[in-house]
Structure formats: C-alpha cells, structure tokens
Amino acid sequence: MSTSVKAYRAAILHSLADPADVGVERSYAYFEDGLLLVEDGRVVQVGEAAALLPGLAGVEVVEYRDALITPGFIDTHIHYPQTGMVAAYGEQLLDWLNTYTFPTEARFADPAHAREVASLFLGELLRNGTTTALVFCSVHPQSVDAFFEAAQALDLRMIAGKVLMDRNAPDDLLDSAESGYAQSKALIERWHGKGRLHYAVTPRFAPTSTPEQLDLAGRLFHEYPDLYMHTHLSENLKEIEWVKALFPERSGYLDVYDHYRLIGPRAVFAHGVHLCDEECARLGDSGSAVAFCPTSNLFLGSGLFDLPKLQRHGVRVGLGTDIGAGTSFSQLQTLNEAYKVMQLQGKKLDPFQSLYLATLGGARALYLDQRIGNFEPGKDADFVVLDYRATPLLAYRLGQAKDLAEKLFALMLLGDDRAVKETFAAGRSVHRRD
Ligand code: GUN
Ligand code: ZN
C-alpha cells in the first residue's frame, strides 16, 4: 500500500442527506468507534474500526480519545478584509458600512496589508475547523491575489472574488463598470480552477453598483464554466427601501439581480432575512442559494431568518459567519446563535439539521457536494477533530449526555475554537491546537 495512506480512529459523524427531506434518523451516519481511511488527500472509506482494521495491516492509524471527527465546516459567507473590525459598536447595516467597513477595506490597496490579513484570516478559519469558505475580498484586485496565494499554499478549497462597487461608496473604494469587469476577468484567468480554488463574481450589493456594472457582472457570470456569483440580499429594511428607490422599474430586490442574470446555480445571496414567498420560490426554482448568517443578523439588528420558509420553497441554504458583521469565526457558535434565532420565532433547529447546514448543506449550496461535505469515498479529505474535553464545562456536560443528539447539541452550544483539536485539508494537518 502507498505511503500516503493513513487512518484516523475516533467517533465519526457525517451527514448523508438533508433531515428536512429524509427525516433526522436517515440523515446521518455515526460510528461510535470509527475509522476514516485517507489516501492522497481523498477519503477512501469510513466505517466501524472493528470492521475495517483487519483489512488494513501496515497502515498507520492515528487515534484520538474523547473526540469526534466530522467533515470540515463550510462557511458560505464571510469577508476577509473585515477581520480587523469584528465587534464594531452601535450601528445597523448602512451606518455600519460607512462608519467602519469602508475605511477598513480601504487599507487593502496595500498588498502587504492584504497578505498579512489573509494569512491571519485563514489561520482563524482553520483554528475553527472551517476548511471551505465563500469569501468577499475588497475592491482591490491585489486583495484577491493575496487571499488566493495564501489559500493555495495550504491547498484549501476556497471561493473568493473582488468586490464590484462603482457608486455610493467613498471614491477610493470605487471601480467602474468597465474596470471592475476587466479586473475580475483577469483574476478569473489567473485563479479560477487552479488547484482547489474557485472565483466568485462579487457585486457588493445592488445599492453600490450602477445598472451598467450589474449588467457586465451578469455577463461575466455566464462567460466561464462553474463561476460563482456572491452578493447580499434583503438584509435590512432601510437597505430594501433604498434598493426600491434606486431601481423603481424593478418589482423588488431580488428582481434587480434576476434582471441582470445574477441568479441561478452557484449564485449565493447572503442574508435573505426579509424575502416574500414569491422571492423564495424564485430562488428555489432558479437553483440559487442563500447564506444564513445568524450572528450577523443579530449583531446588526437586521432581523430573524426564516429557515423553514426557505426550505419549503426548496432553496439551498448554507451557514455563514459573515465576519465582520458576524461575531464569530466558529461554526459551532454560529449554530448556537442559529438555534436561538429559531427559538425567537417559535421554531426548532434539530442538531442534525445544524450539522447538515455546516457541512453537506453548505456543500450543496455551493454545488460542491460531489467533492466535499461528507465522507463519501473519493471526496476531499477535509475534516476536523473535535475534542469532547476541550473545557471543564464541556467535559462535564457531555458526560451527562444520554445520546448522540444531546451530545451534539451541547457541543454546538458550548463549543468554539477551543473544541477544535486538529483540522485537516486534503488529508494534511493544517491546524493543531496543542
Ligand atoms: N451589505 C453590503 N455590504 C455588506 C457587508 O459588508 N456586510 C453585510 N453584513 N452586509 C452588507
Ligand atoms: Zn456580508
């Protein structure tokens, strides 16, 4: 057997399907004493250790005690230039953008600054067990180069793009319809499909792009196979009123993107807090995805995301941390807040639905479920080792748990970066806590 074969032994849990489609019991596989077999960066097999070990003579087995292996987490919406402004006090979306976000993003004109933050940002993702993210860069092409260079060095599966923004922002952050198109095209040629990297055409949101820019963005989105489109949608009530005033000829916010051909498979809209049934249906029918960003929606006072409503319309939904409006890089903490968002609406979020959102559901939202999201043979070996004994409270609380669902729920509510013992990308260890 080749020397790149390795096996990892611990409790192992992964999603098989959406609990909303197949019911909770059929949505996951769990191996109490499991084994994950990895070769050349890919999953070969997963199952009970007792069943697999006899066939693996000579294979190195790495064993973790009091630990749970899950697929790497998938963050479907985050801004790397906003790493340094997390927890900016006191404003809702539009004032928050003007007061904090735009001055912070202006610093990314400097490639050295962009490289420093890209490296710190990726370190934070990995410390939190996130192995794939859909990432906003800044308006500067050099911010995208800095990000992809850092991601490539770690062989991560990452999606990112240059912000397109040609109005309603400070002059030093504006491109033009033509320069934004040309710069994005050059970045696509340089990075899209290189290793595990993918490019996303990234208009910030409808208010900061002219109709000409949205038109060119829509054209670009369809010019290359498998490109992504990444933007914001219906996050805040004042934002929605502004969009109506800027685009009076369109029937609503989503219709602006629809008109410019910015919807469909691999189009990902962050937030979608205030969508009507018609808009949800259009998102579902078109194969577009929405990123649920609970910590951000609470922090900016944007509103409560109605997950069951989007599910009813067949919309693909992933989980987003939305750093820096979001307040944690941790998908566990993001699920903690997601649960509370549901509670405030008299709804529940089952822990296995949460697991799905953070892994296979995110992969499906990104049309990457043939490559990542669970441990089906052949998928990328992106996985995380979670430590049941990360803190005294976690160890004690999990000791009281009667079944897997209770354990998983407590892990999500109490866990954070401290619970991530080790993170693997393409079979390589990329973060070790201690
Ligand atoms: N809408 C437009 N830009 C942004 C941003 O940077 N963060 C959030 N949360 N919403 C936005
Ligand atoms: Zn955002």
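Residues numbered from 1 in each chain as written. Chains lettered and ligands numbered in written order. Predicted model: local features only at pLDDT ≥ 70, side-chain atom pairs only at ≥ 80, totals over all residues. Heavy atoms only, no water.

**Q** Would you mind showing me how to read the overall build of the chain here?
**A** Broken down by element type, the chain carries 17 helices and 16 strands. Rg of the C-alpha trace for the chain: 21 Å, near the compact-globule value of 22 Å for 434 residues, within the 12% margin. Expressed as lengths along the three principal axes of its C-alpha atoms, the size of the chain is roughly 65 × 45 × 40 Å. Taking as baseline every contact in the chain between residues at least 6 positions apart, the subset at least 24 positions apart corresponds to 75%. Per element, the accessible surface of the chain, about 16200 Å² overall, is 49% carbon and sulfur. (Helix = DSSP H or I, 4+ residues; strand = E, 2+ residues; numbered from the N terminus. Rg over C-alpha atoms; globule rule 2.2 N^0.38 Å. Contact = heavy atoms within 4.5 Å. Areas by Shrake-Rupley, 256 points an atom, 1.4 Å probe, with all protein chains shown as cover.)

**Q** When you look at the nonpolar core in this model, what are you seeing that I'm missing?
**A** The nonpolar side chains of a soluble globular protein tend to be buried with one another. By size, the foremost hydrophobic cluster in this structure holds 110 residues, and its most contacted members are Tyr80, Phe121, Phe147, Met158, Tyr257, Phe269 and Phe292. Ranked by the residues each element gives to this core, the list is headed by helix H4 (residues 111–127), at 7 residues. Residues within four places of Phe292 in sequence aside, it is in contact with Phe305, Val317, Gly318, Leu319, Gly320, Ala338, Val341, Met342 and Leu357. Ranked by size, the runner-up nonpolar core spans 17 residues in total, among them Ile12, Ala29, Tyr64 and Phe383. (Core = buried A, V, L, I, M, F, W, Y, C linked by side-chain atoms within 4.5 Å. Buried < 20%, exposed > 50% of the residue type's maximum accessible area, 1.4 Å probe, protein only.)

**Q** Any chance you could explain the site of ligand 1 here in plain terms?
**A** Taken together, His79, Gln82, Leu93, Trp96, Leu97, Arg204, Phe205, His232, Glu235, His271, Asp322 and Ala325 make up the full set of residues adjacent to ligand 1. Here an oxygen atom of ligand 1 sits 2.9 Å away from a polar atom, N or O, in the side chain of Gln82. Coverage of ligand 1 by the protein amounts to 100% of the 280 Å² it exposes when considered alone. The element contributing the most residues to the shell around ligand 1 is helix H3 (residues 93–106), with 3 residues. In terms of residue class, the shell around ligand 1 is made up of 5 nonpolar, 4 polar and 3 charged. (Near = heavy atom within 4 Å. Polar contact = N/O pair within 3.5 Å; in protein donor to acceptor, adjacent residues only side chain to side chain. Nonpolar A, V, L, I, M, F, W, Y, C, P; charged D, E, K, R; others polar.)

**Q** It is not clear to me how the pattern of salt bridges should be interpreted in this structure. Could you clarify?
**A** Pairs may arise between side chains of opposite charge once their charged atoms sit close together. Inspection of the entire model under this criterion finds 24 salt bridges. Note that Asp155 is salt-bridged to Arg196, the shortest N-O span being 3.7 Å. Remark: Arg196 occurs in the loop between helix H6 (177–191) and strand E9 (197–203) and Asp155 occurs in the loop between helix H5 (141–153) and strand E7 (158–161); sequence separation between them is 41 residues. Arg282 is paired through a salt bridge with Asp258; the nearest N and O atoms lie 2.6 Å apart. Here Arg282, found in helix H10 (residues 277–286), pairs with Asp258, found in helix H9 (residues 253–259); they are 24 residues apart in sequence, far enough to count as distant. Several salt bridges share partner residues, and in doing so they unite Arg42, Asp155, Arg157, Arg196, Asp380 and Asp382 into one network. (Salt bridge = Lys/Arg side-chain N within 4 Å of Asp/Glu carboxyl O.)

**Q** I keep staring at the coordination of the zinc ion (ligand 2) and nothing clicks. Help me out?
**A** Octahedral metals with six donors have ideal donor angles of 90 or 180 degrees. Tetrahedral metals with four donors have an ideal donor angle of 109.5 degrees. Bound to the zinc ion (ligand 2) on the protein side are His77 (NE2), His79 (NE2), His232 (NE2) and Asp322 (OD), at distances that span 2.0 to 2.4 Å. Around the zinc ion (ligand 2) sit 4 donor atoms; with metal-centred angles ranging over 87 to 170°, the donor geometry is irregular. Along the chain, the residues donating to the zinc ion (ligand 2) fall in the pattern H-x1-H-x152-H-x89-D. In this pair, His77 sits in strand E5 (residues 73–79) while His232 sits in strand E10 (residues 228–233), placing the two residues 155 residues apart along the sequence. (Donors = N, O, S within 2.8 Å, 3.2 Å for Na, K, Ca; no water. Tetrahedral: all angles 85-135°; square planar, octahedral: opposite > 155°, others 65-115°.)

**Q** Help me understand the sheet that holds strand E14 (residues 383–387) in this model?
**A** Backbone-to-backbone hydrogen bonds join strands into a sheet, with any given pair of strands oriented parallel or antiparallel. Strand order in the open sheet made by the 7 strands is E3-E2-E1-E4-E14-E15-E16, with mixed pairing throughout. Edge positions in the sheet fall to strand E3 (42–48) and strand E16 (428–432), since each of these pairs with one other strand and no more. On average, each strand axis in the sheet is inclined to that of its neighbour by 35°, with strand direction left out of account. Relative to strand E2 (residues 28–39), strand E1 (residues 5–15) runs antiparallel, the two sharing 10 bridges. Bridging across to E2, Leu13 finds its partner in Tyr30. (Pairing = 2+ DSSP bridges. Axes fitted to C-alpha atoms, helices over the stretch in contact; angles between N-to-C directions.)

Just geometry here; none of it tells us what the structure is for.
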